[in-house]
Amino acid sequence: MAEEDDPVIRTLQSLRGKICEAKNLLPYPGPNKMRDCFCTVSLDQEEVFRTKVFEKSLSPFYGEDFYFEIPRTFQYLSFYVYAKGFMQRDLPIGKVAIRKEDLSKYSGKEHWFSLQSVDPNSEVQGKVHIEMKLNELITDNGSVCQQLVVRIIECQGLPLINGQSCDPYATVSLVGPSRSDQKKTKVKKKTSSPQFDETFHFEVTRSSSYTKKSQFQVEEEDIEKLEIKYLLQPKDNGNKTSKTDDLGSLRVNLTYTEDHVLPSNYYISLRDLLLKSPDFKPISASAAHVLCDICRERYEAVLPVVRLLLHYSKLVPFVTAVAELELEQTQEANTIFRGNSLATRCLDDMMKIVGKRYLTVTLKPVLDEICESNKPCEIDPIKLKEGDNVEVNKENLHQYVQKVFNSIVHSSMSCPTLMCDVFNALRQMATKRFPDDPHVKYSAVSSFVFLRFYAVAVLSPHSFHLRSHHPFLDEISSTGSKESSGVEESLILKEGEVHKRAQGRKRLGKKNFKKRWLRLTTRELSYHKQPGKEALCTIPIKNILAVEKLDETAFNRKNMFQVIYTEKLLYVQANNCVEASEWVEILSRPISVETGSVARPLLRHMLAASHVPQACASIAVYQGPQKEQDDYSHFTIEDSRETFNTVKHIREVTEKLLEHHETFQKKRSTSTKYGSEDNPIVGKASQHQ
């Protein structure tokens, strides 16, 4: 079939990491040296992530994880440290800029980086598309002269200024021993990808030593009309050795990956293999379990597997089976579900997907109340401020904890049915495993819902003397307290703040775009004035016909996309390129993309499974492991024969995918020309704004 001969390959880039801490930041120039600081992550100059503000410190500890897929090309990954402004703009303290080509040097490890100064001349990025040709002209007196024709076609990916598109123009300079000619294009308003299409002519003199041989990697006959794309580089301002030691440093951990995803039909075999996992005996020999053992990183395999099984209504039996396996290996009731196992990782991701709305409705009102009242709660004597009363702070803290706990307890009937089904299974299995422990049925549930879901310092109500019994845990883990899970529930897939264009307006302008809260569930797409408010408009999923990204020129705005549905069009602007890509992806993608997400790390880590077949054979023949345990210590092998067969099937699927990827890479390497958009020439150029 044609698609197999020339498959459409998607290149997926992803970045995960942690902003750990900063130290020795530049003090504030005043009597109070401390600063309120935060850190951002930017692709070139587009912000895609921001930490919380750390108050009154020159060595703030952030400890915030980030993960996102990168939807476009970029040159630099940058971390900016800012001092929070009150009556003025936030002040940049310094930055760490890492070229895309250098990201592999720092992958998977923590590094301290010295902060560099934020110099406007270093904030240059983008591509310029030009066309050049050399003509020979006959003058009026009959002599021959040469004319250099330079056509400035367009620029792409210019930086944003304070988050907004700039007003760019371009200059073309011809510099020689005795001349310096400069010509300028028209200014283009509010765009980071200006279309110029202006042509300039320069009279030149060809030297007697001129040949048609070009320094560029193009065919000889193309030299008279050479089309080039340059990456814009920072201007050399003679400040290469600027002092940076006094700006401070930043500790980060990051991992950048770039993978290629084939069309969905290439992953059918892998998808079918994974969907058999919940019914596989033993569960440790299932494809999903083995794959998650191979790919140990949480974001690499577990999350796509959870999404895939959730979509096909197979997550509950799989999670129940892996939890039962962990319980069989747990020796003491007080250590139940405490480790970072496959069961706990699956449940973590399941609760984040299924329970997102429940968590917001339950905690947001009380957390808003706590933040607005802003009462001091510090009880550590070392951290008390002058004039603080520790007894008053204790009472404030007790009241806040009581409010949060009450909100959680009173929300039990709103807990999603799928979560209740899992909690009920955990409760029954824990009671069966430890029949003499009357509290294990509560600790099995509270280990997840409190420690891992609410992320507060409450493991169980009894331990903190907040309640003498556990009504909340009884209700969410009881089969009789809610409707049957046969009733399909609406799950929130994504939500967040966007700018929506007013429908029916023909004129452009800021007033036509308003902030709205966009929410996508398994049933509908809706937008609201604020989170928690009633929907202003609801679009059933079945009525959505298409979702498309829009060119910047459509509304003179970046990160725009449109939702085409039966009644009309919905125009939406996301906050950044990552958000826009995520919205378009989740609104339009088939679930097979999740299978592709599973295959990506599998292709990278399949070597880690190379020792498992030998280990299985050794166990089967000699009734015990003969290989070094480190070769397969993180694999669970209950049934050596079944595990051997599963790994064999996974390897067969992986080898076929590798063949398709290698074919694609060969085609790509031969078709990408030097000077094209995918392989631009890196040269010195200036950007004027």
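Here the structure is shown first, and the text comes after it.
Criteria and thresholds
Along every chain, residues carry numbers that run from 1 in the direction the sequence is written. Per-residue local features of the predicted model are confined to residues with pLDDT of at least 70, and side-chain atom pairs are confined, for both listing and counting, to 80 or more; whole-chain, interface and lining totals are unaffected and use all residues. Derived side-chain values reflect all non-hydrogen atoms in the structure, with water molecules and hydrogen atoms excluded from consideration. Strands here mean DSSP runs of E at least two residues long; helices mean DSSP runs of H or I at least four residues long; both are numbered from the N terminus. The Shrake-Rupley method, run with a 1.4 Å probe sphere, supplies the accessible areas, and residue values consider only the shown protein chains as cover. Summary of the burial criterion: residues with accessible area below 20% of their type's maximum are buried, those above 50% are exposed, and those between are partly exposed, where the area comes from a 1.4 Å probe applied to protein chains only. Any two strands with at least two DSSP-identified bridges between them are counted as paired. The patch calculation keeps residues exceeding 30% relative accessible area without a salt bridge and links them within 9 Å when they carry like charges or within 5 Å when they are nonpolar (Val, Leu, Ile, Met, Phe, Trp, Tyr). Here, a salt bridge means any side-chain nitrogen of Lys or Arg that lies within 4 Å of a carboxyl oxygen of Asp or Glu. All axes are obtained by fitting lines to C-alpha atoms, using only the stretch in contact for helices, and the reported angles, taken between N-to-C directions, cover 0 to 180 degrees.

**Topic: the overall build of the protein chain**
The secondary structure content of the protein chain amounts to 15 helices and 22 strands. If you sum the accessible surface of the protein chain, you get close to 36900 Å²; carbon and sulfur atoms cover 49% of it.

**A look at the pairing of strand β12 (residues 195-204)**
Within a regular strand, the side chains alternate between the two sheet faces. Only one face of β12 is buried: it carries F196, E198, F200, F202 and V204, and the other face, with Q195, D197, T199, H201 and E203, is open. The pairing of strand β9 (residues 144-156) with β12 spans 8 bridges and is classified as antiparallel. Across the sheet, the residue bridging to V149 is H201, located in β12.

**Focus on a nonpolar patch on the surface**
Residues I379, L397 and V401 make up a contiguous nonpolar surface patch of roughly 190 Å² in combined accessible area. Along the polypeptide, L397 turns up in helix α8 (residues 390-409).

**Examining the sheet that holds strand β18 (residues 535-540)**
A sheet is described by the order of its strands in space; here 7 strands give the open sequence β18-β17-β16-β15-β21-β20-β19, paired in antiparallel fashion. Looking along the sheet, the strands with just one partner apiece sit at the ends: β18 and β19 (544-549). In this sheet, adjacent strand axes meet at a mean angle of 30 degrees when their direction is disregarded. Here strand β17 (residues 524-528) pairs with β18 via 5 bridges, running antiparallel. When the sheet's bridge partners are listed, L525 is paired in β18 with I539.

**Description of the environment of F555**
Within the secondary structure layout, F555 lies in the loop between β19 and β20 (560-565). Classification of F555 by relative accessible area gives buried; the value is 12%. Between the C-alpha atoms of F555 and R501, which are 54 residues apart in sequence, the distance is 9.7 Å.

Remember that the coordinates give geometry; whether it matters functionally is a separate question.
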